[in-house]
Amino acid sequence: MNNLRTVFLLGTLTALLLFAGGMMGGQQGLTMALFMAGLMNFIAYFWSHKIVLAMYGAKEVSEAEAPDLHRIVNELAMRAGIPKPRVFIMPSEAPNAFATGRNPQHGVVAVTQGTLKLLSRNELEGVLAHEMGHIKNRDILIATMAATIAGAIGYLAHMAQFAAIFGGGRSDDDDRGGAGSLIFMAILIPIIAMLIQMAVSRSREYVADETGARLAGNPFGLADALQKLQAYSQRIPMGANPGTAHLFIVSPLSGRGVIQLLSTHPPIEERIARLRSMTF
């Protein structure tokens with residue numbers, strides 16, 4: 001169901017892009033916006049994992065340095081039928097984890113020192129299985145597709161802003177109607193695109209939870225881990241960059257109200273309830 005939801009959301013995002021391109025006057029502006037967004041996200045797709053790992057001071061660890069961690073990752077990789085990802089540890093007491101890499105052949109899993117201290121083996125296996133689920137399901141590719149389309153819409157919105165500013169002095173009814181459409185294009189459509197992009201991210205978290213539970217052999221380790229990670233991450237803030245928040249298993253950003261509405265993660269309580277209701 002969540003895979004179908006992802007397809008629907010990406011389709012909606014694509015339709016919104018085409019609509020925005022039509023409002024801006026056709027193919028040329030649409031092509032330019034899509035090219036620029038695609039170029040930026042192409043670069044991010046191939047090199048973003050290095051940037052993110054460096055941003056959080058993550059260091060690759062060998063089997064000799066972290067034998068238990070490598071053993072769990074190796075077992076899960078075999079069950080998932082993917083190459084064993086590289087293993088990194090982040091020097092942070094805030095418990096969290098993420099996976100990255102453009103495909104299963106270039107997968108990376110990273111956990112904080114706080115995660116290793118906090119979780120039992122069963123819980124750690126659940127967390128790592130969730131991250132392996134992201135790699136197996138090629139969620140980095142899906143996130144890049146969503147970011148490219150949303151980014152193209154953002155470029156069209158900037159073009160609309162300039163058009164509204166430089167065309168604002170005209171006074172006839174047609175021009176006023178056109179200016180109103182440009183303002184709508186510049187303000188509301190990018191917000192809708194951003195919300196859809198975040199919904200894509202939330203749908204992939206549910207899929208990774210389900211995949212991870214199946215890889216681990218039961219959903220309870222991951223459910224217990226999520227409960228602990230949520231509680232402790234609120235006590236020990238991570239100070240994460242909002243642009244990378246979607247990568248982590250639980251949101252490293254704190255806040256309620258609008259912050260929760262714009263979260264890239266579904267509510268932890270709902271994720272835990274879904275996991276505990278799963279039967280294999």
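This text goes with the structure placed above it.
So, here is what we can say about the structure in this document. Treat the numbers as computed from the prediction; the structure is a model and nothing was measured.

The rules behind the values
- Residues numbered from 1 in each chain as written.
- Predicted model: local features only at pLDDT ≥ 70, side-chain atom pairs only at ≥ 80, totals over all residues.
- Heavy atoms only, no water.
- Helix = DSSP H or I, 4+ residues; strand = E, 2+ residues; numbered from the N terminus.
- Buried < 20%, exposed > 50% of the residue type's maximum accessible area, 1.4 Å probe, protein only.
- Contact = heavy atoms within 4.5 Å.
- Areas by Shrake-Rupley, 256 points an atom, 1.4 Å probe, with all protein chains shown as cover.
- Core = buried A, V, L, I, M, F, W, Y, C linked by side-chain atoms within 4.5 Å.
- Pairing = 2+ DSSP bridges.

1. Focus on the overall build of the protein chain
Then comes step 1: A tally of regular secondary structure across the protein chain gives 10 helices and 4 strands.
Then comes step 2: For the protein chain, buried positions account for 49% of its 280 residues.
Then comes step 3: If you take every contact in the protein chain between residues at least 6 apart in sequence, the share linking residues at least 24 apart comes to 74%.
Then comes step 4: A total of about 13800 Å² of accessible surface is found on the protein chain, and carbon and sulfur atoms cover 62% of it.

2. Some remarks on the nonpolar core
Then comes step 1: Residues Leu-69, Leu-128, Met-132, Leu-226 and Ile-249 are the most contacted members of the largest nonpolar core, which totals 37 residues.
Then comes step 2: Those elements that place two or more of their residues in this core are helix H3 (67-80), strand S2 (86-90), strand S3 (97-100), strand S4 (108-112), helix H5 (121-136), helix H7 (173-216), helix H8 (220-235) and helix H10 (268-276).
Then comes step 3: Discounting residues that sit within four places of it in the chain, Leu-128 has contacts with Leu-69, Ile-72, Val-73, Leu-76 and Val-111.
Then comes step 4: Counting 19 residues, the second largest nonpolar core, distinct from the first, contains Ile-149, Ala-152, Ile-189 and Val-200.

3. Overview of the sheet that holds S3
Strand pairing in a sheet is mediated by backbone hydrogen bonds. Such pairs are either parallel or antiparallel.
Then comes step 1: The sheet built from 4 strands is open, its strands ordered S1-S2-S4-S3 with mixed pairing. Single-partner strands in this sheet number two, and they are strand S1 (59-60) and S3.
Then comes step 2: Two strands pair when backbone bridges link them, and S1 and S2 are joined in this way by 2 bridges, in the antiparallel orientation. The residue bridging Glu-60 from the neighbouring strand is Phe-88, located in S2.

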